[in-house]
Amino acid sequence: MIGIIFGVFFLCLVLGIPIAMAMGFGTIFPALLDPNFQGDLQFVVRSMIKGVDTTSILAIPLFMLSGAIMATGGLSKKLFDVFAVFIGKLRGGMPCAVIVTCLFYGAISGSGPATCAAVGAMCIPFLTDLGYEKTFSAALVATAGGLGVIIPPSIPFIAYGLVTNTSVGDLFTAGILPGCLIALTLMIYTVFYCARKGEDRQRIESHYNELRSKGILHVIKDGFWALLTPVIILGGIYSGIVTPTEAACISVFYAIIVCLFIYKSVRFRDLLTFFQEGVKTYAPLGMMLALAQAFMKILVLVDAPQSLANFLSATISSKVVFLLLLNLILFLMGMVLDVGPAIMILAPMLLPFATKLGVDPIHLGIIMTVNLAAGFVTPPFGMNLFVAAPMVQADAMTIGKRALPLIGTYCIALLLITFIPAISLVLVG
């Protein structure tokens, strides 16, 4: 029965059926084969409703809404100016400023593709104007955009916490240092790349001097409210003043106030459009979350988690071997599955065996998210590749090939995060 369920699921994916529908078919198929099967349609519907009957899930659409408002409000440009005015004159400084912008914007959007779209729309044309190759600029933003799901608040962290009953706040805290480490490794590669390939220093210094002419204090003042966004959101969570869901609600009001009254980059009549688009964007994800809960309930009925644990116990006895195999499997799955669905399917099945080997549940969540985030820029189906490619009039595979050295750099950070748990857990109380 386990083979049939996953067979139906992957067959639907191969046929191009949306992931949510594929999970739905896999969920109801056992009952169609056996009318006496406990997981009938009523069981599936109850599991779907009960699975999403939690306030934690509300954080996802709220963070998505605030990110959309801030993207339209032009916060990525203000963030970039702040970082560029400090490091833009250094060797590789402008591309490094793009990476740091993705890091900070990830703390606003919680989404990889959203970070890639918001930062890329402004930074890719800017980098190409400075003389950097179009494909390199697009590959850099596509790779750094993956930080959007690693640096908190992260939508996949919320999904992981939902399906494993793990503290979302602890996951947010644990994601800070891994996100910064990945950004640092990408910046190191970028500096070496720029030193080897060379830069148009005259053009870069001209743009840098133009930015400095505004005055450092003016640039910081203009970007202050954008810089304050992650401080308010994450500071409220880490201080215990608000829960992640309450912080998500605050982020929406903050986004409206800043973009409507301070930066005046959106209008009142735009808000209805934001709300409508937010519902349209979240509806498929909400259905997928509900179906994922029912899918896991059916897998429990057919003893899939126990069967997996028995198989792993019989074949793997070393924590190191397990982590290496886990990284390989997740990296391959990230090429064909989005982060959210992959986590919702795999996390509940892998968690019991991982904890048996001594892997902390929080650490496992970080490993899974970081690993699957590489799929955003891994050919052939990396979502960020399809977001960034049209910005330079190139196909996604071309950008994917150009991103391979960056992916290699990313993997170095991934191995450090995997085998040095303190990177993830040192900040967790």
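Not measured: the values here are computed from a predicted model.

Q: Can you break down the nonpolar core residue by residue, with the values?
A: In a soluble, globular protein the nonpolar side chains are often hidden away together inside. Within the largest apolar cluster, 160 residues are counted, with the highest numbers of intra-cluster contacts made by Ile 60, Phe 80, Met 94, Ile 182, Leu 289 and Phe 322. The contact partners of Leu 289, leaving out residues within four places of it in the chain, are Val 52, Ile 57, Ile 60, Ala 159, Leu 162, Tyr 282 and Met 344.

Q: Outline helix H8 (residues 134–145), listing residues and values.
A: Its twelve residues give H8 an end-to-end C-alpha distance of 16 Å, which sits within 8% of 16 Å, the value for a rise of 1.5 Å per residue. Where burial is concerned, most of H8 is hidden: ten out of the twelve residues are buried. Regarding H8, the residues found buried are Phe 136, Ser 137, Ala 138, Ala 139, Leu 140, Val 141, Ala 142, Thr 143, Ala 144 and Gly 145.

Q: Help me get a handle on the environment of Val 302, residues and values and all.
A: Tracing the backbone through its elements, the reader meets Val 302 in the loop between helix H15 (268–301) and helix H16 (304–315). C-alpha of Val 302 to C-alpha of Pro 30: the two residues are 272 residues apart in sequence and 9.4 Å apart in space. Once you skip the residues sitting within four places of it in the chain, Val 302 turns out to touch Met 1, Ile 2, Ile 5 and Phe 37.

Q: Quick rundown of the layout of surface pockets? Include the residues and the values.
A: Roughly 1100 Å³ of internal volume is contained in the largest pocket. Ser 111, Pro 113, Asp 338, Phe 376 and Met 383 are, among the 46 residues lining the largest pocket, the residues nearest its centre. Secondary-structure elements contributing two or more residues to the lining of the largest pocket are helix H2 (19–33), helix H4 (59–72), helix H6 (93–109), helix H7 (112–129), helix H9 (155–164), H15 and helix H18 (339–356). Ranked by residues supplied to the lining of the largest pocket, first place goes to H15 with nine residues.

Q: Describe in detail a nonpolar patch on the surface, supporting the description with residues and values.
A: Together, Phe 224, Trp 225, Phe 253, Ile 257, Phe 261, Ile 262 and Phe 268 give the surface a local cluster of nonpolar side chains, amounting to about 720 Å² of exposed area. Sort the elements by how many residues they give to the nonpolar patch and helix H14 (residues 244–262) lands first, with four residues. Along the chain, the position of Ile 257 falls in helix H14. We classify Ile 257 as partly exposed; its relative accessible area is 44%.

What counts and how
Per-chain numbering applies: the sequence of each chain, read as written, is numbered from 1 onward. Two thresholds apply to this predicted model, a pLDDT of at least 70 for residue-level local features and 80 or more for giving and counting side-chain atom pairs, whereas whole-chain, interface and lining totals are computed over all residues. Heavy atoms throughout the structure, all of them, feed into the side-chain values; hydrogens and water do not. Put simply, a nonpolar core is a bunch of buried Ala, Val, Leu, Ile, Met, Phe, Trp, Tyr and Cys residues held in one set by side-chain atoms that sit within 4.5 Å of each other. Working definition: with a 1.4 Å probe on protein chains only, accessible area under 20% of the residue-type maximum means buried, over 50% means exposed, and in between means partly exposed. What makes two residues a contact is simply this: any of their non-hydrogen atoms within 4.5 Å. Secondary structure is summarised from DSSP: a helix means a run of H or I of at least four residues, a strand means a run of E of at least two, and numbering begins at the N terminus for each. Multiplying one less than the number of residues by 1.5 Å gives the expected span of a helix. Points on a 1 Å grid over protein atoms alone make up a cavity when a 1.4 Å probe fits among them but cannot get out, and a pocket when they form an open set with protein on both sides within 12 Å along at least five of seven lines; lining residues each have an atom within 4 Å of a point. Grid points are joined across faces, edges and corners, and a volume is the space filled by probe spheres set on the points. Patch membership is restricted to residues that have no salt bridge and whose relative accessible area is over 30%. Joining uses 9 Å for like charges and 5 Å for the nonpolar side chains Val, Leu, Ile, Met, Phe, Trp and Tyr. Surface exposure here means Shrake-Rupley accessible area, sampled with a 1.4 Å probe, where a residue is shielded only by the protein chains that are shown. For this document, the term salt bridge refers to a Lys or Arg side-chain nitrogen within 4 Å of an Asp or Glu carboxyl oxygen.

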